[in-house]
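Each chain is listed here by its residues.
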Amino acid sequence: MSAYIRPAAAFKKLETARTTGQNVYIYGATGYGKTELIRQFLKNSKYIYIPCERIGCDLSQVPENNKRIATIVIDNINIIESEEQRQKIKELCSRSNLWVLLIGRSRMPGWLYDTFVSCHMLLITEDDLAMSLEGIDSYMRSEGIILTEEELKFQRKYGEGNPLGVIFTAQQLQAGKKIGKELFREDSILFQTRLEKGIITELDSELSDFLMKISILEDFTEALAAIISGNSAINSLIVRILDSGNYLDYKDGIYTIRFQMREALRRKAKNELSEKDISHLALLAGGYYESRNEDDKALKLYAEYGETERIRDLLIKNSRKNPESGYFIEMRKYYLMLSDEDIRSNIYLMSAMSMLCSMLMDFEKSEYWYNELKKYKNTVKGSKQREAISLLAYLDVALPGRGSVNILQLIKDYYILLSEKSLSVPEFSVTSNLPSLMNGGKDFCEWSKHDREIAATAGNIVCAFLGKYGKGLVNAALAESFYEKGGDPYEIISLISKARLEAESGGKTELRFAATATLIRQYISNGDIVGAKELLCSFEKVVREEGLHKLFPNIEAMKCRLALYSNDMDMVKEWMKVAPDENSEFVALERYRYLTKVRCYIAFEQYDKAYALIEALKYYSEKFDRKYLIMELGVLTAMIMYKRGFEWEKEFILTLEKACEYRFVPIIAKEGATVYEMLKECSDKCSTNKKINKEWFKRITEEAGKITRLYPLYLKSSAEKQVMLQPMDEKILTCLADGLSIGDTAERLGINYETLRSRIKELYRKLGAKNKTEAVMIASSLKLI
């Protein structure tokens, strides 16, 4: 007979409940051993067990006037539909002479909630029932099976600690199978069969029919559920499903059917619905996604259910958007599936393929489709030719593979041409959803050299050419250019305020993001990290209200950068869990997140990973002539070499020469303590370098020193952060943090005044601080006080 492995957390809660007399509600999906838990816990006790069925349960067994406390176990309460019986169970929970243990599949039936609260019931969750690594190991050993740590982790992760899944796996291993994804698939089929024959058949037909139809989707909202079901009262239906079992997960307005249940429902749908019915459901859902501009979801659904015509129509519609809002990269596999004949049949598809291939660094193919579009232009007349001209103008300006050379002249020329022919150019985002204009859709470093002149002479033309994307552009671009050159903070703030107001009046939130990001960087430079976080939080609310999902990833990356400055390494670790994986695929549009990840790697001393990612970004930067990115990567590369003890000066000085050409300051100084040390060490060589201006070098050194004092732990290694303090040192720091003077501190701690002064001076040295404020800030960052 197999050993029973106690779920320790659940047993502990039951012991507590028995001692305190609390009633208990236990929930978990099928297979989590809810009933067996009670059997094992009460095996030496008397109790009344009452199973429930859809028609109800026999509550007549419950004694009415017992003097001793009776233990009552009511199992499968989620299936009860009788309001009378539900009320009876609630009354039983309020009786002082009963200890009631309720077992169900849902997190908390709505009808039980008020009783749960008023009777102070105790909750045992699915997580409490799940088997831990140790529990799985103990069970397997009892069956004569020894698993490695990796195999145990695999079973825990994919089986979610479900005891029934562990039993299935043990049986398969005893039959000679090996643990892994193939065995998990076989276990899943067994588990899904159990769900289909046992759990799903118990559900009310209306619930099972809805779940079967909605299971064709990965997730759904209430609005989408209403469309699929045709039920306007969808909320009450979902409530009934939530009450019936632990099948749905819910987060941020989105419901997800749990994997095993969803697969079981899909099997049921395949058996009971015709291909035409399923196709109809897919089209309904796809239409919903299209109406919300979630074209990537619609395409995935159409591809899964073979709706080729809808795929082509949607790609044509998507081709009319700019690449950032059009999910070009995400949809590339669908574009690349199109035949050349299909692409040539539509000028927007030719334009999209030219853009997509350029983004994928296939410049030869990009130019091929550009020339195909050009050929088409020469074979048509009238409105079709004008449309082709506007697309060619867009590509000439926007193709990333062509860099930024002569882009201003191109815009001027095309603006005149398009104006004369009354044409409009397709949307062109200058930010690519990144928090920068200078280093966004294109590299505009060269413009920074003549920023005021370009703004005065060509600003209106550029804004008009870009349409909505041009609103607020001039002021936002000037602000970022001034910031990069270490300009007057108040002039920068003034320009950003104007830019944001202009963008809010019919412009694009993407531009507001770039302007807000410049202001956040200015706050960081000024030492106002709290203000920077508050500003980003406020902007994030705007983005959520507008549903601009494409901005969320870079907003989260910016939060991570702020966490790096404030040494919140727990938050940094959390962000790294969702950071893009450069090893599975390199996507150029993810460059801001990649650069954030490089800094995280440096902070965690994973220098080889940082260097490998930098090399991939360098390849991209050189191919696309991204001057700003090349300089930024140069700084980060030199920092890694410096920290590793390798030769670093050559790379660093070459980067300083490039940055000095543009008089950029923060690109060097913002990296803080490590760069500050590097600048001091190479100052003699830089003083004789004709390409490095002495006043500029003095400025970046001062700014790097300032960042070092403001954020002393930024990108520091764990060894650099370690500070050994004695208990008295910690008491002194606490007094200083409380605002006490040296005299008051000496009196509180009973220390001689001069002795205390000497000790504080030594404390400053240990912490690398110049004054009390810095010492307290560093100590707080290190969690020493």
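Small disclaimer: the values here were computed from a predicted structure and weren't measured.

Our next topic: the overall build of the chain. Within the chain one finds 43 helices and seven strands. Buried positions account for 54% of the 785 residues belonging to the chain. When contacts within the chain are restricted to residue pairs at least 6 apart in sequence, those whose partners lie at least 24 apart make up 70%. Of the roughly 36,700 Å² that the chain leaves accessible, carbon and sulfur atoms contribute 50%. Of the side chains in the chain, 113 bear a positive and 112 a negative charge, and the two mean positions are spaced by 2 Å.

Moving on, we get to helix 40 (residues 727-737). What helix 40 keeps buried is the set Asp 729, Ile 732, Leu 733, Cys 735 and Leu 736. What you see down the axis of helix 40 is that its buried residues fit within an arc of 160°, all on one side. After helix 40 finishes, the residue Gly 739 shows a positive phi value of roughly 90°.

The next thing to look at is the sheet that holds strand 1 (residues 24-27). Here five strands make up an open sheet; going across it, the order is 2-3-4-1-5 and the pairing parallel. Whereas interior strands pair on both sides, the edge strands pair on one side only; in this sheet they are strand 2 (48-51) and strand 5 (122-124). Taking the axes of each pair of neighbouring strands and ignoring which way they run, one obtains an average angle of 15° across the sheet. The strands touched by helix 2 (residues 34-41) within the sheet are strand 1, strand 2, strand 3 (70-75) and strand 4 (98-104), with strand 4 carrying the most contacts at an inclination of about 150°. Sitting on the sheet, helix 3 (residues 83-93) touches strand 3 and strand 4, and the angle it makes with strand 4 is about 135°.

This part takes up the environment of Phe 328. Here Phe 328 shows up in the loop between helix 16 (308-319) and helix 17 (332-337). Sequence separation between Phe 328 and Leu 356 is 28 residues; the distance between their C-alpha atoms is 6.4 Å.

Let's shift gears to helix 16. Given a rise of 1.5 Å per residue, 12 residues ought to cover 16 Å, and the 16 Å separating the end C-alpha atoms of helix 16 matches this to within 8%. For helix 16, the set of buried residues is Ile 311, Leu 314, Leu 315, Ile 316, Asn 318 and Ser 319. Tucked inside the fold, the buried residues of helix 16 contact helix 14 (275-291), helix 15 (295-304), helix 17 and helix 19 (347-359).

Our next topic: the packing of helix 25 (residues 473-484) against helix 27 (residues 509-525). Axis separation between helix 25 and helix 27 bottoms out at 10 Å; the angle between their running directions is 25°. As summarised for this structure, helix 25 and helix 27 are arranged roughly parallel, according to the angle between their axes. The handedness of the crossing between helix 25 and helix 27 is left-handed. For the pair helix 25 and helix 27, the contacting residues are Leu 473, Ala 476, Ala 479, Glu 480 and Tyr 483 in the first and Leu 511, Ala 515, Thr 518, Arg 521, Gln 522 and Ser 525 in the second. Classifying every residue of the contact of helix 25 with helix 27 by side-chain character gives six nonpolar, three polar and two charged.

Here we come to the pattern of salt bridges. Scanning all chains against the criterion turns up 60 salt bridges. For Asp 204, the salt bridge is made with Arg 240, and the minimal N-O distance between the two is 3.3 Å. In this pair, Asp 204 sits in the loop between helix 9 (181-202) and helix 10 (205-214) while Arg 240 sits in helix 12 (residues 234-244), placing the two residues 36 residues apart along the sequence. Note that Arg 748 is salt-bridged to Asp 738, the shortest N-O span being 3.8 Å. On the criterion of sequence distance, the pair formed by Arg 748 in helix 41 (residues 742-749) and Asp 738 in the loop between helix 40 and helix 41 is long-range, its members being 10 residues apart. In this pair, the class of Arg 748 matches that of Asp 738, namely exposed. Taken together, the salt bridges that share partners define one network made up of Glu 218, Arg 262, Glu 263 and Arg 266.

Here Tyr 490 shows up in helix 26 (residues 489-504). Residues Tyr 490 and Gln 522 lie 32 residues apart in sequence; the distance between their C-alpha atoms is 9.9 Å.

Moving on, we get to the environment of Trp 696. Within the element layout of this structure, Trp 696 appears in helix 38 (residues 694-710). The spatial distance from the C-alpha of Trp 696 to the C-alpha of Val 665 is 8.0 Å, given a sequence separation of 31 residues. The contact partners of Trp 696, leaving out residues within four places of it in the chain, are Leu 656, Ala 659, Cys 660, Arg 663, Phe 664 and Val 665.

Here we come to the nonpolar core. By size, the foremost hydrophobic cluster in this structure holds 188 residues, and its most contacted members are Leu 217, Phe 220, Tyr 335, Phe 652, Leu 656 and Ile 668. The element best represented in this core is helix 33 (residues 627-644), accounting for 11 residues. Setting aside its immediate chain neighbours within four residues, Phe 652 contacts Ala 638, Ile 668, Val 675, Met 678, Leu 679 and Cys 682. Residues Tyr 25, Val 62, Ile 77 and Cys 93 belong to the second largest nonpolar core, which totals 24 residues.

Below, the discussion takes up the packing of aromatic side chains. For the structure shown, the criterion picks out 22 aromatic pairs. Consider the rings of Tyr 628 and Phe 664, whose centres lie 6.0 Å apart with planes at 55°: the pair is tilted. Taken together, the residues span a long stretch of sequence, with Tyr 628 in helix 33 and Phe 664 in the loop between helix 34 (649-662) and helix 35 (666-669) at a distance of 36 residues. Taking the relative accessible area as the measure of exposure, Tyr 628 reaches 6% and is therefore buried.

A word on the side chain of Ser 436. Of note, Ser 436 is situated in the loop between helix 22 (407-420) and helix 23 (445-448). We classify Ser 436 as buried; its relative accessible area is 9%. Among the polar contacts listed, one links the side chain of Ser 436 to the side chain of Glu 480, at a separation of 2.6 Å. Not counting chain neighbours up to four residues away, the residues in contact with Ser 436 comprise Val 430, Thr 431, Glu 480 and Ala 514.

The side chains of a regular strand alternate, first on one face of the sheet and then on the other. Neither face of strand 1 is open: one carries Val 24 and Ile 26, the other Tyr 25 and Tyr 27, and all of them are buried. Of the pairings in the sheet, the one linking strand 1 to strand 4 comprises four bridges and is parallel in character. The residue of strand 4 that forms the bridge with Tyr 25 is Leu 102. Here three bridges tie strand 1 to strand 5, and the two strands are oriented parallel to one another. Paired with Tyr 25 across the strands is Leu 123, a residue of strand 5.

Here we take up the packing of helix 19 against helix 20 (residues 363-379). With their axes 7 Å apart at the nearest point, helix 19 and helix 20 run at an angle of 160° to one another. Relative to helix 20, helix 19 is oriented roughly antiparallel. The crossing of helix 19 and helix 20 is left-handed. When helix 19 is examined against helix 20, the residues Ile 347, Met 350, Ser 351, Met 353, Ser 354, Cys 357 and Ser 358 are found in contact with a partner set consisting of Phe 363, Lys 365, Ser 366, Trp 369, Tyr 370, Glu 372, Leu 373 and Tyr 376.

Here Gln 192 shows up in helix 9. In this view, Gln 192 contacts Phe 259, Gln 260, Glu 263, Ala 264 and Arg 267; residues no more than four positions away in its chain are not counted.

About the thresholds
Residues numbered from 1 in each chain as written. Predicted model: local features only at pLDDT ≥ 70, side-chain atom pairs only at ≥ 80, totals over all residues. Heavy atoms only, no water. Helix = DSSP H or I, 4+ residues; strand = E, 2+ residues; numbered from the N terminus. Buried < 20%, exposed > 50% of the residue type's maximum accessible area, 1.4 Å probe, protein only. Contact = heavy atoms within 4.5 Å. Areas by Shrake-Rupley, 256 points an atom, 1.4 Å probe, with all protein chains shown as cover. Lys, Arg positive; Asp, Glu negative; His and termini not counted. Charge placed at Lys NZ, Arg CZ, Asp CG, Glu CD. Arc of directions from axis to C-beta. Pairing = 2+ DSSP bridges. Axes fitted to C-alpha atoms, helices over the stretch in contact; angles between N-to-C directions. Expected span 1.5 Å × (residues − 1). Parallel < 35°, antiparallel > 145°, perpendicular 65-115°, else oblique. Left-handed = near helix turned anticlockwise from the far one by under 90°. Nonpolar A, V, L, I, M, F, W, Y, C, P; charged D, E, K, R; others polar. Salt bridge = Lys/Arg side-chain N within 4 Å of Asp/Glu carboxyl O. Core = buried A, V, L, I, M, F, W, Y, C linked by side-chain atoms within 4.5 Å. Phe/Tyr/Trp six-rings, centres within 6.5 Å; stacked < 30°, edge-to-face > 60°. Polar contact = N/O pair within 3.5 Å; in protein donor to acceptor, adjacent residues only side chain to side chain.

Remember, this is a structural readout, not a statement about activity or role.
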